[in-house]
Amino acid sequence: RARLRVPLHVHRLDAPTSGILCVAKTKPALINLQRAFAQRKVTKIYTAIVLGRPAQSHGFINSPIPMKIKGEKVMRQASSEYKILQEITLIPSNQNTEHNP
């Protein structure tokens, strides 16, 4: 294995929204990950906690997102599939849940 002295930046995932970094620790991993991103073979899965509820429990969001290509701002069509995995009910902090006689 051709281990790198320090992990190297491979790709910045969804920079306009999350900015999560993908890094490689070995030279083969760096090459393979760069190739996978260039060929758009990477599938990204996110878990989110949101306030409110979508109208449907499963669906797609299709919306353009801003990107910079060679210093020029352009809009690129993006598609995201979502599904609700779990719902929780929050009790507002101003409500007392204890019974006071």
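Look a little higher up for the structure.
Residues numbered from 1 in each chain as written. Predicted model: local features only at pLDDT ≥ 70, side-chain atom pairs only at ≥ 80, totals over all residues. Heavy atoms only, no water.

So, the overall build of the protein chain
Right, so step 1: The number of helices and strands found in the protein chain is one helix and four strands.
Right, so step 2: Its helices and strands in sequence order give the protein chain the pattern β-β-α-β-β, from N to C terminus.
Right, so step 3: Expressed as a percentage of the 101 residues in the protein chain, the buried residues total 11%.
Right, so step 4: Contacts spanning at least 24 positions in sequence make up 27% of the contacts within the protein chain whose residues lie at least 6 apart.
Right, so step 5: For the protein chain, the exposed area adds up to about 9400 Å²; of that, 54% sits on carbon and sulfur atoms. (Helix = DSSP H or I, 4+ residues; strand = E, 2+ residues; numbered from the N terminus. Buried < 20%, exposed > 50% of the residue type's maximum accessible area, 1.4 Å probe, protein only. Contact = heavy atoms within 4.5 Å. Areas by Shrake-Rupley, 256 points an atom, 1.4 Å probe, with all protein chains shown as cover.)

Here's the deal with unusual backbone geometry
Right, so step 1: The backbone of Arg40 shows a phi angle near 55 degrees, a positive value even though the residue is not glycine.
Right, so step 2: Among the secondary structure elements, Arg40 is positioned in the loop between helix H1 (27-38) and strand S3 (58-69).

Notes on the nonpolar core
Right, so step 1: The biggest cluster of nonpolar side chains holds six residues, and these are Val10, Leu13, Cys22, Ala24, Leu30 and Phe37.
Right, so step 2: The set of elements that each furnish at least two residues to this core consists of strand S1 (3-13), strand S2 (20-26) and H1.
Right, so step 3: Apart from the residues lying within four places of it in its own chain, the contact partners of Ala24 are Leu4, Pro7, Leu8, Val10, Ala29, Leu30 and Leu33. (Core = buried A, V, L, I, M, F, W, Y, C linked by side-chain atoms within 4.5 Å.)

Considerations on the pattern of salt bridges
Right, so step 1: Counted according to the given criterion, the structure contains one salt bridge.
Right, so step 2: Of the charged contacts in the structure, one is a salt bridge between Glu87 and Arg53, with a shortest N-O distance of 2.9 Å. With Glu87 in the segment after strand S4 (72-83) and Arg53 in the loop between H1 and S3, this residue pair connects regions lying 34 residues apart in the sequence.
Right, so step 3: With relative accessibility at 52%, the residue Glu87 sits in the exposed group.
Right, so step 4: Given a relative accessible area of 47%, Arg53 falls into the partly exposed group. (Salt bridge = Lys/Arg side-chain N within 4 Å of Asp/Glu carboxyl O.)

What about H1?
Right, so step 1: Between its first and last C-alpha, H1 extends 16 Å over 12 residues, near the 16 Å set by a 1.5 Å rise per residue.
Right, so step 2: Where H1 begins, one side-chain oxygen reaches toward the backbone nitrogen of Ala29, 3.2 Å away; that side chain belongs to Thr26.
Right, so step 3: A positive backbone phi angle near 55 degrees is found at Arg40, which sits one or two residues after H1. (Expected span 1.5 Å × (residues − 1). Polar contact = N/O pair within 3.5 Å; in protein donor to acceptor, adjacent residues only side chain to side chain.)

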